[in-house]
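Analysis of the macromolecular model
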Amino acid sequence: MDSSEQEKNGVTEGKNGAPEPDALPPPPPVPPNVTPIKAEQEPAKKRLRVPMARRGLGTKGQKIQLLTNHFKVAVKNVDGQFFHYSVALFYEDGRPVDGKGIGRRVLDRVQETYDTELAGKEFAYDGEKSLFTVGPLPRNKLQFTVVLEDVTSNRNTGNSSPGGHESPNDGDRKRLRRPYQSKTFKVEISFAAKIPMQAIGNALRGQETENSQEALRVLDIILRQHAAKQGCLLVRQSYFHNEPRNFADVGGGVLGCRGFHSSFRTTQGGLSLNIDVSTTMIIQPGPVVDFLIANQNVRDPYSIDWVKAKRVLKNLRVKTSPTNQEYKITGLSEKPCKDQMFSLKQRSRDDDGEVQTVEVSVYDYFVNYRHIELRYSGDLPCINVGKPKRPTYFPIELCSLVSLQRYTKALSTFQRASLVEKSRQKPQERMSTLTTALKINNYDEEPLLRSCSITISRNFTEVDGRVLPAPRLKVGNGEDFFPRNGRWNFNNKRLLQPAKIEKWAIVNFSARCDIRGLVRDFMKCGEMKGIDVESPFDVFEENQQYRRAPPLVRVEKMFEEIQAKLPGAPKFLLCLLPERKNCDLYAPWKKKNLSEYDIVTQCMAPTRVNDQYLTNLLLKVNAKLGGLNSLLAVEHSPSIPVVSKIPTLILGMDVSHGSPGQSDIPSIAAVVSSRQWPLISKYRASVRTQSPKLEMIDTLYKRVSDTEDDGILREALLDFYVSSGKRKPDQIIIFRDGVSESQFNQVLNIELDQIIEACKFLDENWSPKFVVIVAQKNHHTKFFQPNAPENVPPGTIIDNKVCHPKNYDFYLCAHAGMIGTTRPTHYHVLLDEVGFSPDDLQELVHSLSYVYQRSTTAISVVAPICYAHLAATQLGQWMKFEDTSETSSSHGGVSHAGSVPVPQLPRLKENVCNSMFFC
């Protein structure tokens, strides 16, 4: 047997003719009664979808010249290379440094001390584990040792805090020796990768790679370092100077701090630097007591709730007088300053040579030993800056909060309103602020940018925009009209399809108002709009004994009374609430009506009721009861390009998360779907909970058994089929809100796959065509009219110059910006299997900003997304009132998304679940 035959037979012989030990034995013979099964081929690896390329530019609309806050960047040194090095920091004893914030100071010291060893090279450091240079450092691995003196220590003058159990001066010296006088650090810098600057040029030609993203990240890090060296607070790609003139008090001891966002972007027009005004929230700097009084809204220090104070102060940084030393707050003393004792070591020794100690209070120590006058601290707790077992106390009046400390909790409604009021800027004002920022930053002098031969223009980039005409709208009595400046009204007009308000009642939760007058005006206003409003069955006034009861109890008691008096279930309840904003009755009331009793309800706070208020209220009520306020004329005819010819489902998808600092509150996913095709103005919503902070919706398709899918999309598809004359949608247009560019592939490959599976589960042979569009509001591109103080006109669209070099995106300002500077919506078309022309698609998106039933204005983002946001927010409020036992007994109980069980929302009753209850 020659060697090739031996190999064919699967056994290779060793040198002396024996089979090799690792050779495979021959296969066993197949028994006569067995038919071998053919091995299945491995399934071909699925091709991942990626965002589509642009198909062309739109042409419709009136041309308009605009400016944008992108500043052209010229890169001369395209042959250069960035070198990426990893940075590791250790203490003297070899422990790794994990504290944030110290890295920049250590690396600055390395640069000062070892300039020669670094060959005089400038570097950009990200504050953590990465460092970048232009061209290489002398060696691939460098090790340095540096010593940091604490900048705020003022050396030790003996005027520091009481603390452990020693005499003041000894104790201070001992305590300061390690943490505050000096500390030794070891720094290891080792080569990680090369990043060619050519990658930036490739990205501009539409060839994005990991290298091009890294190269842009290096440029962003250079700007962040530039800001850090000026003592700025850095928040992602925004930076904030310690300038009191940039602070605005929004109440509660919180300030809005105005700063700037800056990021490099690849665009059709080349590389640009996008600079915008940005705002973050900071803690009011200055005396701790002043902050606490403002934070708790009390009159004086003696009214402060110290349990709350301890929670809010933990980990904040303070400076203590008179030494100006900086510390982190670890807690408060158990007792007031006058009663909080500690053992103070004396200089004298006893007869046995032992150091003597004496018990003194913190107050006595500062007043009698340190001769510092204390005016009001004696009866208040002390600030503790020490360790749990080794506290270090300061009287509260000697402590001042350091500036630029971020406040990360959710703002109250009033704080948010105050922030908007104080931080808004008209277009011209914003332009001049940005021009000044560019001058002050003086990026042309930044050594690293100079060594890359990068220059940044000081002029706003000019772009060509187009203003799309407003679509014609249809209202009642066969009347139609064109909105002007993105607005219209219902003065002397009737609603297109008015509902009938019958079998209804009014519920009053102790709101003060003239109810008879309100009913009269409500019925009269309805009549003028074409709505037939019957007289209410009754007015249910809250029993005064329950006014101070918990919200759930108040709602329960009200329903007991309604059931006792009404002959049958009402179709509609108008609910009067005592407060306009944040009324804690709202969520339990809505939940009871929608998930238990199947009743449409509208809440109102009757504080400023006039004709305009009642009209707006009736627009919402009419939509909830199944009416239509207005329609697009093209929807009525129907003649919307592509959409009116073929059954088309429109989806709006959004996920809302708990406010910052609430990591355990489930996220709420909402999917809104159109119904009654060929209409695109009527929607329903499905809402589910999912794991906290999970952005991808994981319940679009949820197979429970071979015959059952409990996902959101099945509901939408079945409702479309029933409401659209037993037609299945052959086209599905998906609008997705709230995802960043890094998550586009997940939308295309995770969420879209679930939607396709939900369709296949209903009918294996059904393959609708998909369009996927992401809408982003959270970006920093703004547009300005060069010679006019107003915002850009509604309908302004931009799909060139500052848009992506290759992908299909455009900016649209559909609404009239009345306050501040208009924020355009950035639409990214990730997939279009239908084959819309750019003009048709842009016109559809524009039209969908005019079908929002709650208002008589064009809105800034398409209506399905707004509705999804409303539905998620409304049902998200229910979670605050859920108690786990109640939740787990509701439909589906607790859903286990990942490893954390997530309480599920109760499902809506059948009558309201297909209504626009979220309106």
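Going along each chain's sequence as written, the residues are numbered from 1 onward. Predicted model: local features are reported for residues with pLDDT of at least 70 only, side-chain atom pairs are reported and counted for 80 or more only, and whole-chain, interface and lining totals are derived from all residues. Only hydrogens and water are set aside; all other atoms, that is, all heavy atoms of the structure, feed into the side-chain values.

The protein chain carries the name Protein argonaute 4 in an unreviewed UniProt entry, which gives Coffea arabica as its organism. In the Sequence similarities (unreviewed entry) part of its UniProt record, the protein chain is described as follows: "Belongs to the argonaute family. Ago subfamily." UniProt positions are given in the numbering used here, feature names are shortened, and annotations may be inferred rather than shown by experiment.

1. Side note on helix α20 (residues 863-879)
Think of it this way: any DSSP run of H or I at least four residues long counts as a helix, any run of E at least two long counts as a strand, and we number them from the N terminus. Take the residue count of a helix, subtract one, and multiply by 1.5 Å to get its expected span. The terminal C-alpha atoms of α20, which comprises 17 residues, lie 25 Å apart, in line with the 24 Å expected from a rise of 1.5 Å per residue. To sort residues, take the accessible area from a 1.4 Å probe on protein chains only and compare it with the maximum for the residue type: under 20% means buried, over 50% means exposed, and anything in between is partly exposed. α20 sits mainly inside the fold: 14 of its 17 residues count as buried.

2. What about the environment of T68?
The residue T68 is located in strand β1 (residues 62-75) in this model. Assessed through its relative accessible area of 0%, T68 is described here as buried. Along the backbone, T68 and N459 are 391 residues apart, and their C-alpha atoms lie at a distance of 9.5 Å. Contacts are assigned to residue pairs with any non-hydrogen atoms lying within 4.5 Å of each other. Dropping the residues within four chain positions of it, T68 is found in contact with F460, T461, V463, T781, K782, F783, F784 and V802. Think of a polar contact as two N or O atoms within 3.5 Å of one another; within protein, one of them needs to be a possible hydrogen donor and the other a possible acceptor, and neighboring residues in sequence only count if both atoms come from side chains. In terms of polar contacts, T68 uses its side chain to reach the backbone carbonyl oxygen of K782, at 2.9 Å.

3. Some words on the sheet that holds strand β12 (residues 286-287)
Two strands are counted as paired when DSSP detects at least two bridges linking them. With respect to topology, four strands assemble into an open sheet ordered β12-β20-β13-β14, the strand pairing being antiparallel. Edge strands, defined here as strands with exactly one partner in the open sheet, are β12 and β14 (325-328). Relative to strand β20 (residues 399-401), β12 runs antiparallel, the two being bridged by two bridges. Within β20, the residue paired with P287 across the bridge is S400.

4. Thoughts on the sheet that holds strand β28 (residues 572-576)
The strand order β27-β25-β28-β29 describes an open sheet built from four strands, whose pairing is parallel. Either end of the sheet is taken by a strand with one partner, and the two such strands are β27 (539-541) and β29 (600-604). Mean inter-strand twist for the sheet, computed between neighbouring axes without regard to direction, equals 20°. Bridge count for β28 against β29 is five bridges, and the pairing is parallel. Considered in β29, the bridge of L574 is made with Q602. Contacting β25 (504-508), β27, β28 and β29, helix α12 (residues 515-528) crosses the sheet at an angle of about 140° to β25. Inter-axis angles, ranging from 0 to 180 degrees, are taken between N-to-C directions of lines fitted to C-alpha atoms, where helices are fitted over the stretch in contact.

5. Observations regarding the nonpolar core
Residues belong to one nonpolar core when they are buried, are Ala, Val, Leu, Ile, Met, Phe, Trp, Tyr or Cys, and are joined through side-chain atoms within 4.5 Å. I501, I680, F735, Y827, L848, Y867 and F918 are the most contacted members of the largest nonpolar core, which has 87 residues in total. In terms of residue count, the dominant contributor to this core is α20 (eleven residues). Those residues in contact with F735 that lie beyond four places of it in its chain are I650, L651, G652, M653, I773, V845, L848, V862 and I865. Formed by 43 residues, the second largest nonpolar core is a distinct cluster that contains V250, V289, Y363 and L380.

6. Examining a positive patch on the surface
A contiguous patch of positive charge on the surface is contributed by R416, R580, K581 and R608. Using a relative accessible area of 44% as the deciding quantity, one classes R416 as partly exposed. Patch membership needs two things, relative accessible area over 30% and no salt bridge, and members are linked within 9 Å if like-charged or within 5 Å if nonpolar (Val, Leu, Ile, Met, Phe, Trp, Tyr). Residue burial considers only the protein chains on display, and all accessible areas are found by Shrake-Rupley using a 1.4 Å probe. Take a side-chain nitrogen of Lys or Arg and a carboxyl oxygen of Asp or Glu: if they are within 4 Å of each other, that pair is a salt bridge. Residues scored as charged are limited to Lys and Arg (positive) and Asp and Glu (negative), so that His and the chain ends carry no count. Throughout, a charge is located at the NZ atom of Lys, the CZ atom of Arg, the CG atom of Asp or the CD atom of Glu.

7. Describing the pattern of salt bridges
For the structure on display, the rule yields 37 salt bridges. When the shortest N-O distance is used, the salt bridge between K782 and D276 registers 2.9 Å. Here D276 lies in strand β11 (residues 270-283) and K782 lies in the loop between β37 (769-776) and β38 (783-784), a separation of 506 residues in the sequence. Like D276, K782 is buried. What emerges from the salt-bridge pattern is a single network uniting K500, E502, D532, E534 and K571.

8. Re the pairing of strand β21 (residues 454-467)
Sheet topology note: the β1/β21 ladder contains eleven bridges and is antiparallel. Paired with T68 across the strands is T461, a residue of β21. Where β21 meets strand β39 (residues 796-798), two bridges bridge the pair, whose relative direction is antiparallel. Of the residues in β39, the one forming a bridge with V467 is T796.

9. Things to note about the packing of helix α14 (residues 586-597) against α20
Between α14 and α20, the shortest axis-to-axis distance is 8 Å and the interhelical angle comes to 105°. As the angle between them shows, α14 and α20 are arranged roughly perpendicular. Residues Y586, A587, K590, K591, L594 and S595 of α14 form the contact with α20, whose own contacting residues are Q874, Q877 and W878. Each angle gets one of four labels, with under 35 degrees taken as roughly parallel, over 145 as roughly antiparallel, 65 to 115 as roughly perpendicular, and the rest as oblique.

10. Description of the environment of D339
Structurally, D339 is set in the loop between β15 (331-336) and β16 (341-349). Taking C-alpha positions, D339 is 5.9 Å from S361, a pair spaced 22 residues apart along the chain.

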